[in-house]
Amino acid sequence: MGSNIGTAETTARSLSGFTGVGLILLLVLAGLLGLLSTGYVPSAGAGALLLAGAGLCGLGVLLLLRGLATLQPNESLVLTFLGKYSGTVNQDGFWLVNPLAARKRVTRRLVTQEIGPLKVNDAAGNPVEIGMVLTWRVAEASRAVFDVENYPSYVTAQGETALRSLASRHPYDDEEYRESLATRQAGAARQAEGSVLSLRDGGDRLTATLSADLRERMALAGLVVQEARLSHLAYAPEIAATMLRKQAASAVIAARRTITSGAVAIVEQALNELEDRLGGVLDAERKAAMVSNLLVVLVGDRDVTPVVNTGTLYS
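It should be emphasised that the depicted structure is a prediction, and the values quoted were computed from it without experimental measurement.

(A) Representation of the sheet that holds strand 3 (residues 75-81) in the model. Read from one edge to the other, the open sheet built from 3 strands follows the order 4-3-6, with strand pairing classed as antiparallel. Because the sheet does not close on itself, it has two edges, and the strands there are strand 4 (84-89) and strand 6 (102-107). Between one strand axis and the next, the sheet turns through 25° on average, direction left out of account. In the sheet, strand 3 pairs with strand 6 via 6 bridges, with the strands oriented antiparallel. Across the sheet, L77 pairs through a bridge with R105, a residue of strand 6.

See the structure below:
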């Protein structure tokens, strides 16, 4: 998307800075010789020419000094001359460039930026807070300078947009999302089964999705996304307490379901073993009483107080 649109980066014409220093020394020497020679010429016209030459040498020195530039590693210098882009110097070192060109220094070092947390609605419509850590750098300095007004602000805006888009397409919790679908349309939960990727459990797959989205957006400005990873995820404060209670209730229900299933298996095994040993003398009423007592003992969350029955079930 947009890889062939924008300012194509070219290499600017440049010379070694030491060549520029040598030219400056030659011009300084020539200017000094011109000034010293004005006192030995017989005519005033020749003296004026020598003074003009010395002045031109001085102007040349100033221009050459203006053209000297030092670049650090992972730093670029974008040049424009008379309103037109004239190239970029990407190699670090000491350089002599067009002294009349306007310059813009751009760092190509990695930048780690925290975006958010933002308050957005997830796929289930619940307000959540989401934030990420974005690592990026400038790959093409010409596009970063000319194709967007302010590329750091562009990164922030596109990062927030990508975060909102990600949150709107995924629920915070997949179980809650299936329940929401089930209340709106019968069978929708079955269609979503196995395909719902939640923000809480998405992990590396969500990171890959977010990074791919951001790379496509940043390429327009000549930027490269190294990594984008969620750093903050929580329910919005206004519903956090309610959702916490709901999650606790869901956990209790799941635990009760597991305990009940295990208790039923234990009771069934106990009845089968008793019938095998007693030769099937337990009638339906005794089985029901035993099942009831065993389930109370196994499923209850409090210690059971035994009751000794001195009579029978039929008296």
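(B) Spatial organisation of a nonpolar patch on the surface. A surface patch of nonpolar side chains, about 830 Å² in accessible area, is lined by L56, L59, L62, L63, L65, F81, L82 and L100. Looking at the nonpolar patch, the element that brings in the most residues is helix 2 (residues 44-67), giving 5 residues. Following the sequence through the fold, L65 ends up in helix 2. Among the residues examined, L65 registers a relative accessible area of 47% and is labelled partly exposed.

(C) Looking closely at the sheet that holds strand 7 (residues 111-121). Overall, antiparallel pairing links the 3 strands, which are arranged 7-8-9 in an open sheet. Only two strands of the sheet have a single neighbouring strand rather than two, namely strand 7 and strand 9 (223-235). Each strand axis lies, on average, 20° off the axis of its neighbour in the sheet, ignoring direction. Along the sheet face, helix 4 (residues 151-169) touches strand 7, strand 8 (127-138) and strand 9 and points at about 40° away from the line of strand 7. Each of strand 8 and strand 9 is contacted by helix 7 (residues 204-218), which is oriented at about 135° to strand 9, the strand it contacts most.

What counts and what doesn't
- Residues numbered from 1 in each chain as written.
- Predicted model: local features only at pLDDT ≥ 70, side-chain atom pairs only at ≥ 80, totals over all residues.
- Heavy atoms only, no water.
- Pairing = 2+ DSSP bridges.
- Helix = DSSP H or I, 4+ residues; strand = E, 2+ residues; numbered from the N terminus.
- Axes fitted to C-alpha atoms, helices over the stretch in contact; angles between N-to-C directions.
- Patch = residues over 30% accessible without salt bridge, like charges linked within 9 Å, V, L, I, M, F, W, Y side chains within 5 Å.
- Areas by Shrake-Rupley, 256 points an atom, 1.4 Å probe, with all protein chains shown as cover.
- Salt bridge = Lys/Arg side-chain N within 4 Å of Asp/Glu carboxyl O.
- Buried < 20%, exposed > 50% of the residue type's maximum accessible area, 1.4 Å probe, protein only.
- Contact = heavy atoms within 4.5 Å.

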